[in-house]
Amino acid sequence: MKVAVFSAKPYDRASLERCNATFGHELHFFEARLTIETAPLAEGFPGICVFVNDRVDRHVLARLATSGVRIVATRSAGYNQIDLEAAERHGIVVVRVPAYSPNAVSEFTVGLILTLGRQIHRAYNRVREHNFELTGLEGFELRDKTIGILGTGRIGTMTLRNLSGFGARLLAYDVVRNPEASALAEYVDSPRELARQCDIISLHVPLTPQTYHLIDEEFLRHVKPGVFLVNTSRGALLETRAVIEGLKSGVIGFLAIDVYEEEEDLFYKDLSNRVLTDDTFARLLTFPNVIVTGHQAFLTDHALRTIAETTLGNLREFEETGACTNAVTAEEVRGE
Ligand code: NAI
């Protein structure tokens, strides 16, 4: 199939080209992010391939439909950037990569907890400046902590498995209980109960209307003072302004985030020569007890290989059968 690949970084291009040797699609790579301005690039392509910060809203989908696009393949597990109802109205099929590597995100999550909990990021900078003073680098041990996993799907459960060797008490919450997670953690009945009991809370739910701003002022009223929050899922699970207030007052003691609710104008770009105009994001970067990474939890060799194989396989399946096992529909998302 002739496919326009948007937001194509060198690592995407390398993995897709390597894998395409066995698929034989006609891939055209565009570094540009898909927006209403760049949508005309899709003219003449029956397939387009996107990533998490491409904008696939109803306006873009209407434009894509007039260009003859029949399938949107996202190289991600999450698909909150795509208006599925609009895609359906235009007869455009949306496919994704449901599970390319839960390990990649879960290992990164554990890495963030250990880095911030033991001040490794600050130690790294100090030592480079020949400052070997330890004051201010005091950490804690996970065996003394209660860790709560919010969302026990693939990544949440893998995170529980990876955390289980540290001797922490593990709690979990999900709308659906997962037997594998039940064997590793004790389920509680509500996110509020998780807030009440946990020293560390890590988010692994998708972004949906129900989970939007899950961590807001109200949630923060119930957390243990100095709670450690981790978000490697989607930025808008956190109400950033409430989180900043929480950091200022000490209600939040540590924050590690790989995602940010306004990340699409920032992440995946080199802005090192520019003035940061997002004051909320700039404020987050000022806290010594905050680590921000630029949506990289997925970025491993294993994940890139699986993303390429599944995406190219999705496109082939659609080309041959007109349908795809990894399609997502608005109906499924609404739970109908
Ligand atoms: P999954 O679909 O396997 O698991 C999601 C879990 O969330 C399910 O068990 C579901 O029942 C639960 N859930 C949904 N709504 C809920 C609610 N309102 N309250 C409580 N639980 C709820 O998804 P997976 O593969 O574990 O991925 C989780 C998320 O991680 C993705 O949606 C995506 O946003 C994010 N992600 C981030 C990456 C990164 O690079 N930072 C890479 C890949 C995924």
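Just so it is clear, the model here is predicted, and its values are computed rather than measured. (Residues numbered from 1 in each chain as written. Predicted model: local features only at pLDDT ≥ 70, side-chain atom pairs only at ≥ 80, totals over all residues. Heavy atoms only, no water.)

**A few points about the confidence of the model for the chain**
Definition in use: Confidence of the predictor at the level of single residues is given by pLDDT, which spans 0 to 100. Secondary structure elements are defined from DSSP: runs of H or I of at least 4 residues count as helices, runs of E of at least 2 residues count as strands, and each element is numbered from the N terminus.
When pLDDT is averaged across the chain, the result is 97; 99% of the residues are at 70 or more. Confidence, read as mean pLDDT per element, is least for helix α13 (residues 330-334) in the chain (79) and greatest for strand β9 (residues 200-203) (99).

**Observations regarding the sheet that holds strand β7 (residues 169-173)**
Here is the rule: Following DSSP output, two strands are said to pair if at least two bridges run between them.
Taken together, 7 strands build an open sheet; the order of strands is β8-β7-β6-β9-β10-β11-β12 and the sheet is parallel. Two strands bound the open sheet, and with one partner strand each, they are β8 (186-187) and β12 (290-292). Bridge count for strand β10 (residues 227-231) against strand β11 (residues 252-257) is 5 bridges, and the pairing is parallel. By the bridge assignment, V230 is partnered in β11 with A256.

**Considerations on the environment of V259**
Selection criterion: With a 1.4 Å probe rolled over the protein chains alone, any residue whose accessible area is under 20% of its type maximum counts as buried; one over 50% counts as exposed, and the rest are partly exposed. Contact criterion: two residues are considered in contact whenever any of their non-hydrogen atoms come within 4.5 Å of each other.
Within the secondary structure layout, V259 lies in the loop between β11 and α11 (279-284). Classification of V259 as buried rests on a relative accessible area of 2%. Measuring from C-alpha to C-alpha, the distance between V259 and G294 comes to 6.5 Å, with 35 residues separating the pair along the chain. Contacts of V259, omitting those with residues within four sequence positions, involve N231, T232, S233, R234, G235, F267, T293 and H295.

**Quick look at the layout of surface pockets**
Note the cut-off: Only protein atoms enter the calculation, which uses a 1 Å grid: trapped sets of points that fit a 1.4 Å probe without letting it out are cavities, open sets showing protein on both sides within 12 Å along at least five of seven lines are pockets, and any residue with an atom within 4 Å of a point is a lining residue. Grid points are joined across faces, edges and corners, and a volume is the space filled by probe spheres set on the points. Nonpolar residues are Ala, Val, Leu, Ile, Met, Phe, Trp, Tyr, Cys and Pro. Charged residues are Asp, Glu, Lys and Arg, and all others, Gly as well, are polar.
Volume-wise, the largest pocket comes out at about 1500 Å³. In terms of lining residues, the largest pocket is bounded by 50 residues, among which Y79, V205, P206, L207 and T208 are the most central. When contributions to the lining of the largest pocket are tallied by element, the ones reaching two or more residues are α3 (84-89), α4 (102-117), α6 (154-163) and α13. Top element by residues in the lining of the largest pocket is α13. It accounts for 4 residues. Partitioned by chemical class, the residues of the lining of the largest pocket number 27 nonpolar, 15 polar and 8 charged.

**Looking at helix α1 (residues 10-20)**
The α-helix winds at 3.6 residues per turn, so residues separated by three or four positions along the chain end up facing the same way. Threshold: To be clear, the arc concerns the directions from the helix axis to the C-beta atoms.
Those residues of α1 not exposed but buried are D12, S15, L16, C19 and N20. Seen along its axis, α1 keeps its buried residues to an arc of 130°; they face one direction. Counted as exposed and oriented over 90 degrees from the buried face of α1: P10 and R18.

**A closer look at the site of the ligand**
Which entries qualify depends on this criterion: Note on terminology: near, applied to a residue and a molecule or strand, indicates that one of the residue's heavy atoms is within 4 Å of it. Think of a polar contact as two N or O atoms within 3.5 Å of one another; within protein, one of them needs to be a possible hydrogen donor and the other a possible acceptor, and neighboring residues in sequence only count if both atoms come from side chains. Note on areas: these come from Shrake-Rupley sampling with a 1.4 Å probe, and a residue is covered only by the protein chains present in the view. Assignment to a cavity or pocket requires that more than half of a molecule's atoms be within 2 Å of the site's grid points.
In the vicinity of the ligand lie 21 residues, with Y100, R154, I155, D174 and T232 positioned nearest. Here an oxygen atom of the ligand sits 3.1 Å away from a polar atom, N or O, in the main chain of F298. Calculation on the ligand without its partners gives an accessible area of 870 Å², and the protein chains cover 85% of this total. Mapping the ligand onto the cavity grids shows that it belongs to the largest pocket. Of the residues assigned to the shell around the ligand, the class counts are 10 nonpolar, 7 polar and 4 charged.

**Considering the packing of α1 against helix α12 (residues 301-321)**
When two helices pack together, their arrangement is given by the angle between the helix axes and by the axis-to-axis distance. To be explicit about the condition: Here the axes come from fitting lines to C-alpha atoms, over the contacting stretch only for helices, and the angles between their N-to-C directions go from 0 to 180 degrees. If an angle is under 35 degrees, it is roughly parallel; if it is over 145, roughly antiparallel; if it lies from 65 to 115, roughly perpendicular; otherwise it is oblique. In this scheme, a crossing is called left-handed if the near helix is turned counterclockwise away from the far one by less than a right angle; it is called right-handed if the turn is clockwise.
Two elements in contact, α1 and α12, have axes separated by 9 Å at closest approach and are oriented at 55°. Relative to α12, α1 is oriented oblique. Once α1 is placed against α12, the crossing between them reads as right-handed. Residues Y11, D12, S15, L16, C19 and N20 of α1 touch α12, and the partners they reach there are L304, A308, E309 and L312. By residue class, the composition of the contact of α1 with α12 is 6 nonpolar, 2 polar and 2 charged.

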